[in-house]
There are 2 protein chains.
Amino acid sequence: MGTETWPRSTLGWLECSACQNVSDVDRPQGTCDRCGGALLARYRLDEAARTLTREVLVERPANLWRYGELLPGTEVALSLGEGYTPLLPALYLGAALEIERLWIKDESLNPTGSLKARGMACAVTMARRYGLRRLALSSSGNDGGAASAYAALAGLGIDVFFPADTPEPFLLEATVFGARVHVGGENIAECGARVRELRQSEGWFDLSTLREPWRLEGNKTLGFEIAEQLDWRLPDVIVYPTGGGTGLIGMWKAFEELGQLGWIDDRRPRMVAVQAEGCAPIVQAWKEGREVAERIVNPRTYASGLRVPATIGDRLILRAIRESNGTALTVTDKEMAAGQLDLARSEGIFAAPEGGATVAAIRELVRRGSIAPGDRVVLVNTGSGLKYPRIPDLRLP
Amino acid sequence: MGTETWPRSTLGWLECSACQNVSDVDRPQGTCDRCGGALLARYRLDEAARTLTREVLVERPANLWRYGELLPGTEVALSLGEGYTPLLPALYLGAALEIERLWIKDESLNPTGSLKARGMACAVTMARRYGLRRLALSSSGNDGGAASAYAALAGLGIDVFFPADTPEPFLLEATVFGARVHVGGENIAECGARVRELRQSEGWFDLSTLREPWRLEGNKTLGFEIAEQLDWRLPDVIVYPTGGGTGLIGMWKAFEELGQLGWIDDRRPRMVAVQAEGCAPIVQAWKEGREVAERIVNPRTYASGLRVPATIGDRLILRAIRESNGTALTVTDKEMAAGQLDLARSEGIFAAPEGGATVAAIRELVRRGSIAPGDRVVLVNTGSGLKYPRIPDLRLP
């Protein structure tokens, strides 16, 4: 790793995902000034293509900054070794699900054990670059820990708001990193409201999902990696457990950028959003053919990362599903737990409940005929099972 | 990663570390038939050097099988993405400890969150190749989870024996992977005796530390990686939390092999073994100038991985410390816990207590003048802090 040249960002400007308003990147921004929509980063792709080639990637560091031309803040990047997680062929689980080619993108091998490290590496890098001093966010679990880790590395203060019934390992993790941890509220939407209520008076920059544009940039590297690890031939289907949804939106953005670079052809994977039966705003909107989702009242599931009753990313998630000819479906908590055991006992991966949910979803889609035996399928295990001490129906010795 | 050629093993024979008896590798072996000593794998290094070069490594997979010529079973390797963990520059912690160049080898980014995945990837690969069906081991925590993961992937049965007060996440992990989990006995030595008592009648192959030769081979890749990541210029000091000690013995073996390949010069790091005040057999033997250690009665520490009252590797650990001009020292549980918080709050790494122990050890060695400000120092964080739900003196909100 000693000899490669560290890439340089070609970050250009921000564009609102709702009203297309363009703004520049020389000051910290949250959502769109004009309409409140989520902001998307845009790059000078011609410039990026001069130094970023498929060939040069072979010599780049084994973390997400290998794609540094297409990330923000690359020259001053914070890194804990995030990204470049394995894409594991799942022979046994594939056979059990009657799919010939199934892969697991195992995000539990990230720092702090989840996909969320990707986004936070970028977001906290940019926060530090902008000279921000105090961060805050509402968290369903993993993003709180990831944000706290990078904030500690950057020397920034952080307040994390978790819902009341968040499993203890998430609280432990953020506390160890020195975050100010607040526990209360029925669900993440209430925590988010609390952050927005206080951020002005406290001087916090809000790192909550899609309330700033940089987490999405880190998360999109999930898409870059799946493409690279499959030798630039995208899979037919990607199954993603969808709470806030920045992983799915991020992958879709990654494929758009790779297409513009000419590295992949026009074919895109069918994007599948999996949600919990007890909290499925996206699935409900999808079934009703709507472009935005309605907030779920009284969301219930043991998968903290899926207990997200409303997301500002709803429009972008639904658009990606629609454009990709994908779908959205629910699974029960019981099915998720069974999926966790399937992943563990067939493939040696202790997945989060969210990862388990994708297994149950694939089983259902094969049954419906929506996934064919010859399809190349990738499931995303978004995090480690270690942060969820209780699995329904599993007893310890 | 689609284009590289998978390397081939050049495994040659086994050599007893105590009596130098040579044996072949065509049948499963535990310890030395003649004297009961730990067996060491030897390779046909001339053959290895024909395909394994420092240059070719750049294109090899980002896991430990990149060094496949110098590993067993490479052609039939089981992989969950183990190894090639980041070596992170610790600028803030280094400054606090008054060392100019400090790195953290963060083993928590392995599958199952610890270094132990390295050894088990190799050991279970070989167990499957030999056609073994049932495995067993005594475990201080992390090796039980790692063994269970690879056994699940390989489709092999496994029994894991944990001491009575093992933290629950370790039990959860092994259970999720489908292991038969046994909890009982005062410490890992008692668990090990139980395995040896039953293995004949149960038909188990014993995967306990250094009771078979292959775990050490996986663990030695820690040394290969530190060398590679520092551009083949070894550090001056490596600080390693020592329970069973296969990581330290493995690194020492790695440097020997790299020296034979001519990739590194004759200089070796000073190897530092850190143990808990309540369980320090190696430190005690080191202080008394002995070549073997005595079993500790009533070992106590919250760092499960260091609560190892006796290890079959004692002679090899003490030899590596002696030959390297290193040392061995203890830290208290309170110091370990403080070290965990230092790593988390300065560097964004939620380390296991064992990782925290290395910070306390470095602080003491700097105070003594055994580490100079200009020394290049690597500390090994052997695993994730997530499996230890209680940290002394830390309260959750």
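Residues numbered from 1 in each chain as written. Chains lettered and ligands numbered in written order. Predicted model: local features only at pLDDT ≥ 70, side-chain atom pairs only at ≥ 80, totals over all residues. Heavy atoms only, no water.

On to the overall build of chain A, then. A count of helical and extended segments in chain A gives 12 helices and 13 strands. Here chain A has a C-alpha radius of gyration of 19 Å; the compact-globule value for 397 residues is 21 Å, and the two agree. Based on the C-alpha atoms only, the size of chain A along its principal axes is roughly 50 × 50 × 45 Å. Among the 397 residues that make up chain A, the fraction classed as buried is 65%. Residue pairs at least 24 apart in sequence account for 71% of intrachain contacts in chain A once pairs closer than 6 positions are excluded. (Helix = DSSP H or I, 4+ residues; strand = E, 2+ residues; numbered from the N terminus. Rg over C-alpha atoms; globule rule 2.2 N^0.38 Å. Buried < 20%, exposed > 50% of the residue type's maximum accessible area, 1.4 Å probe, protein only. Contact = heavy atoms within 4.5 Å.)

Okay, the interface of chain B and chain A next. Contacts between the two partners involve 52 residues from chain B and, on the opposite side, 51 residues from chain A. Summing both partners gives a buried area of about 4100 Å² for chain B against chain A, and 68% of it is carried by carbon and sulfur. Among the residues of chain B in contact with chain A, B:Leu172, B:Val176 and B:Leu386 are the three that bury the most area, contributing 15% of the side total. Taken together, chain B and chain A are joined by 2 salt bridges. Of the charged contacts in the structure, one is a salt bridge between B:Arg390 and A:Glu168, with a shortest N-O distance of 3.1 Å. Seen at the junction of chain B and chain A, the total is 6 residue pairs in polar contact (both at pLDDT 80 or more). Those elements that provide at least two residues to the side of chain B that touches chain A are helix H4 (142–154), helix H5 (168–176), strand E8 (180–183), helix H7 (214–229) and helix H11 (333–347) of chain B. Broken down by element, the side of chain B that touches chain A gets its largest block of residues, 7 residues, from H5(B). Broken down by class, the residue content of the side of chain B that touches chain A amounts to 31 nonpolar, 10 polar and 11 charged. (Buried area = accessible area lost by both parts, 1.4 Å probe. Salt bridge = Lys/Arg side-chain N within 4 Å of Asp/Glu carboxyl O. Polar contact = N/O pair within 3.5 Å; in protein donor to acceptor, adjacent residues only side chain to side chain. Nonpolar A, V, L, I, M, F, W, Y, C, P; charged D, E, K, R; others polar.)

Residues and elements named next belong to chain A. The sheet built from 3 strands is open, its strands ordered E2-E1-E3 with antiparallel pairing. Of all strands in the sheet, those bounded by a partner on one side alone are strand E2 (22–23) and strand E3 (39–43). As paired elements, strand E1 (residues 11–16) and E2 share 2 bridges and run antiparallel to each other. Looking across to E2, one finds that Glu15 is bridged to Val22. (Pairing = 2+ DSSP bridges.)

Residues and elements named next belong to chain B. Most of strand E7 (residues 157–162) sits inside the fold, with 5 of its 6 residues counted as buried. For the handedness criterion, the β-α-β arrangement of strand E6 (residues 134–138), H4 and E7 is classed as right-handed. Looking at chain direction, E7 and E8 are connected through 4 bridges and run parallel. Paired with Val160 across the two strands is Val181, which belongs to E8. (Right-handed = clockwise from strand over helix to strand, strands pointing away.)

What follows concerns the relation of the copies chain B and chain A. Superposing chain B onto chain A takes a rotation of 180° combined with a translation of 0.0 Å along the rotation axis, leaving an RMSD of 0.0 Å. Such a combination of rotation and displacement between the chain copies is what one expects of a two-fold axis. The position closest to the rotation axis in chain B is occupied by the C-alpha of B:Leu109, lying 2.6 Å away. Counting the interface residues of chain B, we find that 98% of their copies in chain A are interface residues as well, pointing to one common contact surface. (Least-squares fit on C-alpha atoms with pLDDT ≥ 70 in both.)

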